[in-house]
Amino acid sequence: GDGSRYPKYDHSLYLEWSRTTKGSGIKQFKIDSEKLIPGLRTTGEVSYFTEQALDFYGFNGYESYYNADYTDTENADYKSRVFYKNSRNLFRVSMGLQGEIIENKLKWFTGFEFYHHVIDTVDIKRLNDGKALEDQLPAINGGLYQDYLDWGLIPGDQAAGGNATLLKASLVYDTRDNEPNPMKGIWTELQFVLAPGFMGNGDYGYSRMILTHRQYFTLIPKTVNFAYRLSYQSKLSGEMPFYMLPFVFNTAPMETRDGLGGSKTMRGILRNRVVGEDFVYGNMELRWKVIRTVVLNQNLYIALAGFLDGGMVTGKYELPATTDPDAAAWFALNDEDKEALHLSYGAGLHFALNENFIVTVDYGLANDPRDGNSGMYIGLNFLF
């Protein structure tokens, strides 16, 4: 536009095409526009993710046994670096519309998402191709994911993936003064997600409810602010396929994410470590704009942040009964482990160009070794 709406933008387009040498990749196009349809905010996404080693730790948080020694090549208990992994190809299409009920306060949102999953064990042969013998992954039976299949804990008609079509509707109360990094205001959403059986979900029709609250406080004008987010996401009815359990729902332009754990939910905790039918999570951040300047006629600021993240399963995914002795032995390992709050903490560095384009580097540490060790994440935008 002509700049009169700055720091708001007319259109935001994001295109990524990336691929690793072993076949993991992202092909993604996203749009976020307040001008494409007059009076409405339009968001959309077409994505294809090929993940050769997606994290899989079982279900229900700490009730799923995790032993880091199994993935440590220097440890006597080493099984494989990909023992807690499986492969997934995911095609996703989404579109959403948002309009105002009360200007600059109350909004409505409606949209849909379509998922096509193709799931399998890790292709060890492919990952070993071209590697020196001492660097190759050992041949295993497929890791924990294959164990869950063998034990009958993942239904056979879900094992290879499947489709899911979701309808979404929500009310949003929004008084933020600046969307990318608000200094004050509230953002609260009540969202309902419906996956009707007749829309390609088959026997796995279900509904979910999401309640998310975010609030922002100015501590030092234009310089220091405090932000927090709390979200509760729960199944209301039906039966969810296991491959839809990890997803964390947000209202556009924040896309649906895998979780809990990782770059967009609980930094420093293993991705998909906390998976259940109902869960709660939260984040607190103290943000400090240490440098504000103009470079080549462009506004630039650099910000530091300290954060605390946490979450837990509040409603368990009920596993099918199994009589397999190997399963009984596996779950006996964690008889004393009950689900509890998973915590992580860390710091972030943010480079913001013209308020809206923000490059972020976050480093998080897990508070409990059952959640992993640490993680560094490089991406776009503040977490919320």
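The model shown is predicted, which means the values in this text are computed figures rather than measured ones.

**Q** I keep staring at the overall build of the protein chain and nothing clicks. Help me out?
**A** Counting its regular elements, the protein chain contains three helices and 16 strands. Relative to the compact-globule value of 21 Å for 384 residues, the protein chain shows a C-alpha radius of gyration of 22 Å, a close match. Seen through its C-alpha atoms, the protein chain measures out along the principal axes to roughly 65 × 50 × 40 Å. Out of the 384 residues belonging to the protein chain, those deemed buried represent 48%. Long-range pairs, those at least 24 residues apart, make up 65% of the contacts in the protein chain between residues at least 6 apart in sequence. Charge-centre separation for the protein chain: the mean point of 37 positive side chains lies 8 Å from the mean point of 47 negative side chains.

**Q** How should the pairing of strand β12 (residues 278-295) be read in this particular structure?
**A** On a regular strand, each side chain points to the face opposite its neighbour's, so the side chains alternate between the two faces of the sheet. Pairing geometry for strand β9 (residues 224-238) and β12, over ten bridges, is antiparallel. Pairing of N225 across the sheet is with R287, part of β12. Sheet topology note: the β12/strand β13 (residues 298-315) ladder contains 17 bridges and is antiparallel. By the bridge assignment, L286 is partnered in β13 with G306.

**Q** Explain the packing of aromatic side chains here, please?
**A** Each aromatic ring pair is described using two quantities: the centre-to-centre distance and the angle formed by the ring planes. Summed over the entire model, instances satisfying the criterion amount to 26 aromatic pairs. Look at Y57 and Y66: their rings are 5.6 Å apart centre to centre, the planes differ by 80°, and that puts the pair in the edge-to-face class. Directly above the aromatic system of Y70 lies the positively charged group of K79, at a separation of 4.8 Å from the ring centroid.

**Q** Would you mind going over a nonpolar patch on the surface with me for this structure?
**A** A grouping of W288, V290, I291, L304, L349 and F351 is seen on the molecular surface, where their side chains present a nonpolar patch of about 490 Å² in accessible area. Broken down by secondary-structure element, the contributors of at least two residues to the nonpolar patch are β12 and β14 (342-353). Top element by residues in the nonpolar patch is β12. It accounts for three residues. One can find V290 in strand β12.

**Q** Could you clarify how one ought to interpret the pattern of salt bridges in this entry?
**A** Two side chains carrying opposite charge are able to pair once their charged atoms lie near each other. If you walk through the whole model with that rule in mind, you get 24 salt bridges. Note that R370 is salt-bridged to D368, the shortest N-O span being 3.0 Å. We classify R370 as partly exposed; its relative accessible area is 25%. A cluster of three or more residues bridged by salt bridges with shared partners is formed by D32, R41, K107, D174, R176 and E179.

**Q** Could you clarify how one ought to interpret the nonpolar core in this entry?
**A** In globular proteins that are soluble, nonpolar side chains generally tend to be buried together. Grouped together as the largest cluster of nonpolar side chains are 37 residues, with contacts concentrated most on F242 and M244. When residues of this core are traced back to their parent elements, those giving at least two are β5 (106-120), α2 (143-150), β6 (163-174), β7 (185-195), β8 (206-220) and α3 (325-332). In terms of residue count, the dominant contributor to this core is α2 (three residues). Sequence-distant contacts of M244, defined by excluding residues within four places in its chain, comprise Y115, H117, A164, L166 and Y206.

**Q** Can you walk me through the pairing of β8 in this structure?
**A** In terms of strand pairing, β7 meets β8 through eleven bridges, oriented antiparallel. Each residue of the ladder has a partner; that of L194, found in β8, is S207. Where β8 meets β9, 14 bridges bridge the pair, whose relative direction is antiparallel. Looking across to β9, one finds that T218 is bridged to N225. Between β8 and β9, which pair antiparallel one after the other, the connecting turn spans three residues, and K222 there sits at a positive phi close to 65°.

**Q** When you look at the side chain of D371 in this model, what are you seeing that I'm missing?
**A** By the secondary structure assignment, D371 is in the loop between β15 (357-366) and β16 (374-380). Of the polar contacts made by the side chain of D371, one reaches the side chain of Y62; its length is 2.6 Å. Ignoring any residue separated from it by four or fewer positions in sequence, one finds D371 in contact with Y62, G268, I269, L270, R273, H342, L343 and A366.

**Q** Sorry, what's going on with the environment of D2 here?
**A** By secondary structure assignment, the location of D2 is in the segment before β1 (11-19). Here the alpha-carbon distance between D2 and A160, two residues 158 residues apart in the chain, equals 50 Å. Polar contacts involving the side chain of D2 include one to the side chain of S4, which spans 2.7 Å.

**Q** Quick question: what am I supposed to make of unusual backbone geometry here?
**A** Most peptide bonds take the trans configuration, and most residues that are not glycine carry a negative phi. Cis geometry is found at the peptide bond from Y6 to P7, where omega equals 10°. Within the fold, P7 resides in the segment before β1. The phi dihedral of L296 is positive, around 50°, even though this residue is not glycine. Positionally, L296 belongs in the loop between β12 and β13. On the accessibility criterion, L296 (79% relative accessible area) is exposed. We note that E355 has phi near 70°; this positive angle belongs to a residue other than glycine. Counting through the fold element by element, E355 comes out in the loop between β14 and β15.

Each value, and the rule that gives it
Residues numbered from 1 in each chain as written. Predicted model: local features only at pLDDT ≥ 70, side-chain atom pairs only at ≥ 80, totals over all residues. Heavy atoms only, no water. Helix = DSSP H or I, 4+ residues; strand = E, 2+ residues; numbered from the N terminus. Rg over C-alpha atoms; globule rule 2.2 N^0.38 Å. Buried < 20%, exposed > 50% of the residue type's maximum accessible area, 1.4 Å probe, protein only. Contact = heavy atoms within 4.5 Å. Lys, Arg positive; Asp, Glu negative; His and termini not counted. Charge placed at Lys NZ, Arg CZ, Asp CG, Glu CD. Pairing = 2+ DSSP bridges. Phe/Tyr/Trp six-rings, centres within 6.5 Å; stacked < 30°, edge-to-face > 60°. Lys NZ or Arg CZ within 6 Å of the ring centre and 35° of its normal. Patch = residues over 30% accessible without salt bridge, like charges linked within 9 Å, V, L, I, M, F, W, Y side chains within 5 Å. Areas by Shrake-Rupley, 256 points an atom, 1.4 Å probe, with all protein chains shown as cover. Salt bridge = Lys/Arg side-chain N within 4 Å of Asp/Glu carboxyl O. Core = buried A, V, L, I, M, F, W, Y, C linked by side-chain atoms within 4.5 Å. Polar contact = N/O pair within 3.5 Å; in protein donor to acceptor, adjacent residues only side chain to side chain.

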